[in-house]
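Breakdown of the fold
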Amino acid sequence: MITSSRNSARRRVLAAAGAAAALALTLAACGSPGNSSSLPGMDHGAASSASSSPSASPTRGDMPGMDMASGNGPSDTQGGYRLIAKDATLPSGKQTAYQFTITGPDGKPVTGFALDQTKRMHFYAIRSDLTGFQHIHPTLAADGTWSADLASLAPGSWRTFASFTPDAGSGKGKDFMLSRILTVPGNATKTSLPAPTSTTETDGYTITVKGEPMAGMTHPLTVSVSKDGKPVTDLQPYLDTYAHLTAFHEGDAAFAHLHPTTKVTGDHGGPDLNFHAELPTSGNWRLFLQFRTGGTLHTAALTLRVG
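Residues numbered from 1 in each chain as written. Predicted model: local features only at pLDDT ≥ 70, side-chain atom pairs only at ≥ 80, totals over all residues. Heavy atoms only, no water.

A separate point is the overall build of the protein. Along the backbone of the protein there are one helix and 18 strands. Entry remark: accessible area of the protein is about 14,400 Å², with carbon and sulfur atoms responsible for 53%. (Helix = DSSP H or I, 4+ residues; strand = E, 2+ residues; numbered from the N terminus. Areas by Shrake-Rupley, 256 points an atom, 1.4 Å probe, with all protein chains shown as cover.)

Here you go:
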C-alpha cells in the first residue's frame, strides 16, 4: 500500500509538471508576433488571428503602400474548418470567377450549408485601404466548389471572406467566417480612409448613423434613411432584413457583421433601422450599408470611430 501511494503521488507530480509546461508553451505561442456593389474610395464575428496559409501572404513589390496587414487580421482556419482558394492572384480590370472550397475537420470539402439570411454563403472582398467593397452570394457545385463572380478588381492587396454555417458535422449550427489574402498585380494607388462621420450620401439618399459603440461591448446602433430631407419609408426586404450592415477595421481588415433587430413587415421599412453593434477593437471601422428601394440595391459607406 505504501509503494502504491508513493507511485500515485509521483504520477500526480509528473502530470502537474506536464500541464505547467504545456501552459507555458501556450502562453509563449500567444505572445509571439504574427481578413454586389463596388465602391471606390458584421454576429458572424470579427476574427483576430493571422492567416495560417503561406499562400495567403500578399505579393508586394509592384504595389507600394498596399500591403495587407496580417498580424491581427482574420484567419483561413477555424474550428477545424478551412478556406482553400484555387487562386492567390487575380487579374485587374475585368470580372473574374473566384473559386474556393470549405473543408471540414476530416479534410473533405463541405457540401452541406444552412441558410443564413436566405443564403448558404456570404462572400466578401475588400481592398487593404477598405475600398472596392463587394458582397456576393456564390454558387455551389456538387463537389463542394464555390464560385464567386467578382467584379473588376483594382490593383492591390485584397481580403476575401467566406461567412457560413454548416448544417452537419462538428460545426453544425455554428457561424464561421474564414478569410484569405488575394493579390491583384499592377500599379496600386492607396486611397486614404475618409474621416469618421455620422452621415453619408449615396444615390440621392442620406444615411445617418446614431450611437457610440465601445470596443468589446454590445451597443445599439440606429441607421436612418432619408431623401430630399424626407424620411424614407419604402425600404424593401433584402436578405430577410431592411438593411445589411458589415464593418471592416482599419489596418488589419478585421470583419464584423452587425445584426439587425428591426422586424420586416413588407415593402415599407424605414426610416429608422436598429442594429446590435459588437466591434471587438477600438479605432476606425469602415461601415457598408446595403438597402433596397424600387428593386434597386444601394450601398452606402462611412467611417465610424470606436472607442
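Applying the stated rule across the entire model yields 18 aromatic pairs. Measuring from centroid to centroid gives 4.9 Å for Y124 and F255, while their planes differ by 50°, and the two rings are tilted. Taken as a pair, Y124 in strand β4 (residues 122–127) and F255 in strand β15 (residues 255–260) lie far apart in primary sequence, 131 residues in all. Of the residues examined, Y124 reaches a relative accessible area of 0% and is grouped as buried. The buried category is assigned to F255, whose relative accessible area is 0%. Among the aromatic residues, ring-to-ring pairing joins Y81, Y98, F100, F113, F123, W146, F164 and F176 into one connected group. (Phe/Tyr/Trp six-rings, centres within 6.5 Å; stacked < 30°, edge-to-face > 60°. Buried < 20%, exposed > 50% of the residue type's maximum accessible area, 1.4 Å probe, protein only.)

So, about the sheet that holds strand β3 (residues 96–103). Taken together, the five strands give an open sheet; going across it, the order is β1-β2-β3-β7-β6, and neighbouring strands pair in antiparallel fashion. Each of the sheet's edge strands pairs with one partner strand only, and the pair in question is β1 (77–78) and β6 (139–140). (Pairing = 2+ DSSP bridges.)

All right, on to the confidence of the model for the protein then. The predicted coordinates ought not to be read in detail in places where the model reports low pLDDT. Mean pLDDT over the protein stands at 82; residues scoring 70 or higher make up 76%. Counting contacts from residues 1–72, a segment whose pLDDT is below 50, to residues more than four positions away or on other chains yields 134 contacts. (pLDDT = per-residue confidence, 0-100. Contact = heavy atoms within 4.5 Å.)

Let us look at the environment of D203. With respect to the secondary-structure elements, D203 resides in the loop between β10 (199–202) and β11 (205–210). Engagement of the side chain of D203 in a polar contact is seen with the side chain of H298, the distance being 2.8 Å. (Polar contact = N/O pair within 3.5 Å; in protein donor to acceptor, adjacent residues only side chain to side chain.)

Before going further, it helps to spend a moment on the sheet that holds strand β5 (residues 134–136). Ordered in space as β5-β4-β8-β9, the four strands form an open sheet in which the pairing is antiparallel. If you trace the sheet from one side to the other, it starts and ends with β5 and β9 (176–184), each paired once. Averaged over all neighbouring strand pairs, the angle between strand axes comes to 20°, with direction disregarded. Bridge analysis of β4 against strand β8 (residues 156–164) gives six bridges, and the strand direction is antiparallel. The residue bridging I126 from the neighbouring strand is R159, located in β8. (Axes fitted to C-alpha atoms, helices over the stretch in contact; angles between N-to-C directions.)

A few words on the pairing of β10. With burial as the criterion, only one face of β10 is covered, namely that bearing T200 and T202; the residues T199 and E201 on the opposite face remain uncovered. As paired elements, β10 and β11 share four bridges and run antiparallel to each other. Across the sheet, residue T202 finds its bridge partner in β11, namely Y205. Here β10 folds back onto β11, and the loop between the two strands holds two residues, one of which, D203, carries a positive phi near 50°.

When you tally the buried positions in strand β14 (residues 244–249), you get six out of six residues, the bulk of the element. The two faces of β14 match: H244, T246 and F248 on one face and L245, A247 and H249 on the other face are all buried. Summarising the sheet, β14 and strand β17 (residues 283–293) pair through six bridges and their orientation is antiparallel. Within β17, the residue paired with T246 across the bridge is F288. For β14 and β15, the ladder comprises four bridges, and the chain directions are antiparallel. Bridge pairing in β15 places L245 opposite L258. In textbook terms, the turn of a hairpin is the stretch between consecutive antiparallel strands, and for β14 and β15 this stretch comprises five residues, one of which, G251, has a positive phi near 105°.

What follows concerns unusual backbone geometry. Trans peptide bonds make up most of the peptide bonds, and negative phi angles are found at most residues other than glycine. Backbone torsion omega between G270 and P271 reads 0°, so that peptide bond is classified as cis. Note that P271 resides in the loop between β15 and β16 (272–278). Positive phi, normally seen in glycine, also occurs at T118, with a value near 75°. Exposure remark for T118: the relative accessible area of 44% places this residue in the partly exposed category. One non-glycine residue with positive phi stands out, namely L239, at about 55°. Tracing the chain through its elements places L239 in the loop between β13 (230–231) and β14.

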